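Topology and contacts: notes
The primary structure of each chain is shown beneath.
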Amino acid sequence: MNIKEINDTPGQPNMFEALFSHATIGIVVTNMQGLIINFNKQAEKDFGYTRDEVMNRPMEILLPPSIKGHHISYRDGFYKNPGPRAMGHGRDLYAEKKDGSVFPVEVSLSNYILDGELFVIAFIINITVRKQHEQIVLEQKMELEKVTREIKQMNVSLEKKIDDRTKMLRETLSALEQSKLELSDALKEEKDLGDMKSKFVSMASHEFKTPLSTILSSSFLLEKYNDLNEPAKRIKHINRIKHAVNDMKMILDDFLSSDKLDEGIVQTKPIYISAEKCFEELNDVVQEMAAHRKEGQTIETNYQGTGVIFVDERLLKNICINLLSNAIKFSPEYGVIKISCTINPSEVVLSIRDNGIGISEEDQKHLFERFFRAQNAVNIQGTGLGLNIVVRYVQLMNGSIEFESNLDSGSVFTVRIPQ
Ligand SMILES: Nc1ncnc2c1ncn2[C@@H]1O[C@H](COP(=O)(O)OP(=O)(O)OP(=O)(O)O)[C@@H](O)[C@H]1O
Ligand SMILES: [Mg+2]
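Bear in mind the structure is a predicted one, so any value in this text is a computation, not a measurement.

For the rest of this paragraph, the subject is the environment of glutamine 287. Position of glutamine 287 relative to the elements: it lies in helix H9 (residues 275–290). Owing to 14 C-beta atoms within 10 Å, glutamine 287 belongs among the partly exposed residues under this scheme. For the pair formed by glutamine 287 and arginine 240, sequence separation is 47 residues and the distance between their alpha carbons is 9.8 Å.

Attention now moves to the nonpolar core. Counting residues in hydrophobic clusters, the biggest one holds 35 residues, and the most contacted among them are Ile319, Cys320, Leu323 and Leu324. Within the residue set of this core, elements represented by two or more residues are H9, strand S9 (308–311), helix H10 (313–329), strand S10 (336–344), strand S11 (347–354), helix H12 (386–396) and strand S13 (410–418). Filtering out sequence-adjacent residues up to four positions away, leucine 323 remains in contact with Ile352, Val390 and Phe413. Counting 18 residues, the second-largest nonpolar core is a separate cluster that includes Val28, Val29, Val54 and Val120.

The pairing of strand S1 (residues 26–30) with strand S2 (residues 36–39) spans three bridges and is antiparallel. Counted as the bridge partner of valine 28 is phenylalanine 39 from S2.

Take the site of ligand 1 next. Ligand 1 sits among 22 residues. The nearest are Phe330, Ala374, Ala377, Gly382 and Gly386. The set of elements that each furnish at least two residues to the shell around ligand 1 consists of H10 and H12. Counted by class, the shell around ligand 1 contains ten nonpolar, ten polar and two charged residues.

Once that is clear, we can look at the domain arrangement of the protein chain. Domain annotation for the protein chain reports domain 1 (3–126) and domain 2 (268–418). Just the C-alpha atoms count here: the centres of domain 1 and domain 2 sit 135 Å apart.

Inspection of H12 places Gly386, Leu387, Asn388, Ile389, Val390, Tyr393 and Val394 among the buried residues, and these make up the whole buried set. Asparagine 398, located one to two residues past H12, shows a positive phi value of around 55°.

What follows is about the sheet that holds S11. An order of S8-S10-S11-S13-S12 is seen for the five strands of this open sheet, with the pairing classed as mixed. Edge positions in the open sheet fall to strand S8 (298–304) and strand S12 (400–406), since each of these has one partner strand only. On average, each strand axis in the sheet is inclined to that of its neighbour by 10°, with strand direction left out of account. Pairing geometry for S8 and S10, over seven bridges, is parallel. Residue pairing for S10: isoleucine 299 is matched across the bridge by isoleucine 337.

What follows concerns the packing of H9 against H10. Any two packed helices are characterised by how steeply their axes cross, that is the angle between the axes, and by the distance between the axes. Remark: H9 packs on H10, axes separated minimally by 10 Å, with the N-to-C direction vectors making an angle of 35°. For H9 against H10, the interelement crossing comes out right-handed. Here H9 contributes Cys278, Glu281, Leu282, Val285 and Met289 to the contact with H10, which in turn contributes Glu313, Lys317, Cys320, Ile321, Leu324, Ser325 and Ile328. Here the residues of the contact of H9 with H10 are counted per class, giving eight nonpolar, one polar and three charged.

Further remarks concern the packing of H10 against H12. Axis separation between H10 and H12 bottoms out at 10 Å; the angle between their running directions is 150°. By the criterion of interaxial angle, the relationship of H10 to H12 is roughly antiparallel. Judged by the twist between their axes, the crossing of H10 over H12 is left-handed. Between H10, through Leu315, Asn318, Ile319, Asn322, Leu323, Ser325 and Asn326, and H12, the contact on the second element is made entirely by Gly386, Ile389, Val390, Tyr393, Val394 and Leu396. In terms of residue class, the contact of H10 with H12 is made up of eight nonpolar, five polar and no charged.

Bridge count for strand S4 (residues 93–96) against strand S5 (residues 102–114) is four bridges, and the pairing is antiparallel. Each residue of the ladder has a partner; that of glutamate 96, found in S5, is valine 102. Two successive antiparallel strands, S4 and S5, enclose a turn made up of five residues, where glycine 100 displays a positive phi of approximately 90°.

Histidine 71 marks the point of greatest bend in helix H5 (residues 65–80), at about 40°. Burial runs low along H5: only zero of the 16 residues are buried.

Backbone geometry at phenylalanine 371 places phi at a positive 65°, although glycine is not the residue there. Inspection of the secondary structure assignment puts phenylalanine 371 in the loop between helix H11 (361–364) and H12. A count of 10 C-beta atoms within 10 Å places phenylalanine 371 in the exposed class. At asparagine 398, a position not held by glycine, the phi torsion is positive, near 55°. For asparagine 398, the location among the structural elements is in the loop between H12 and S12. Residue classification places asparagine 398 among the exposed residues on the basis of 10 C-beta atoms within 10 Å.

Calculation criteria
- Residues numbered from 1 in each chain as written.
- Chains lettered and ligands numbered in written order.
- Predicted model: local features only at pLDDT ≥ 70, side-chain atom pairs only at ≥ 80, totals over all residues.
- Helix = DSSP H or I, 4+ residues; strand = E, 2+ residues; numbered from the N terminus.
- Buried ≥ 20, exposed ≤ 12 C-beta atoms within 10 Å, placed from the backbone.
- Core = buried A, V, L, I, M, F, W, Y, C linked by C-beta atoms within 7 Å.
- Contact = placed C-beta atoms within 7 Å.
- Pairing = 2+ DSSP bridges.
- Near = placed C-beta within 6 Å.
- Nonpolar A, V, L, I, M, F, W, Y, C, P; charged D, E, K, R; others polar.
- Domains from an automatic or database assignment.
- Axes fitted to C-alpha atoms, helices over the stretch in contact; angles between N-to-C directions.
- Left-handed = near helix turned anticlockwise from the far one by under 90°.
- Parallel < 35°, antiparallel > 145°, perpendicular 65-115°, else oblique.
- Bend = angle between axes of the 7 residues up to and from the residue.

Structure representation (structure tokens):
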């Protein structure tokens, strides 16, 4: 009996027949022998067989050859334990068309018993389109994975390249920094050397000024005494000139010997001399400087102390020349300049006092700076080097210098050289 016969029961509308025929999935009904006893329109469409062509034929004609063999045993298994279920359990299922082509399907099974006989209903959905979509999605997924892998690899190699470049850049930068430092060190060294040399030359020229003017004035007087035929005075001035030339020679030796230029210092050569010898030397300076006095200026001396001292007499003399020349230069005509030297066991104290223009408090702060000249001295000849040189000499002898000054009433400079 087939479904048509069931539905032909009187009084029942032919609804089941319509459902069966027009269902949009394929429906195949088989009997206990596995023979097809019903085949709906959708099945005809999917498999390419007409209903008549498959009726009473084994349902295995709908399966591809690779499955046909096992299927009979699956079918027997189902008849022994029938019930609704989906087929396949994770496997892909395939069916075969009349023309031998194979297509993917999804199958679910059901059964019913009529007049004691078991019938099996297979609901078959053609999933070709879905599979195609799945395939496309799968391919796209694989493509995506491939691209992702490639991007990852590119990323890795890019990161490595960036690391390498960054490292190279860092190395180049630090090399650059290093050579910049070296260059600026070299430049600084060269500049320092240049500065030092020019400082030396200007110091040497400064110290030439006094002996040069002595030579000038003595040679002028020599000319004069020659006319008057005064041999004693001539000898005095010839000696002064000799003395001054000797001073200049020593200055040259001191300043321009190349090793001293490189070291940037004048070396001190202290010797033991008696207090009397020291006062004599200072007196010579006073004599020498007397020639440079202004009209009516007097220089008073005051020496105290006895014994032996350990000093560089040339440096001491040069200090005295510089301080005395300032006192003469910055005090008026008829002014009194006082030079005193006191020798005691612990120190030699040299002080030079004048009643000249003095130094303002503001200018006193900068007095020992190189080339510094006070406001009230701008119209008086000078370079601003003398005191700076004095300070260096004092330092060379581990001594100290101090001064007191008041505008328009005078100054006193005091140098102490420890023994
Ligand atoms: N006895 C002094 N009385 C007043 N001002 C002084 C005296 N000694 C130094 N000064 C001030 O200090 C400045 C610096 O003195 P410094 O001896 O260094 O230079 P200078 O005498 O002007 O020039 P240079 O000694 O190089 O010929 C002077 O220009 C002056 O303004
Ligand atoms: Mg001076």
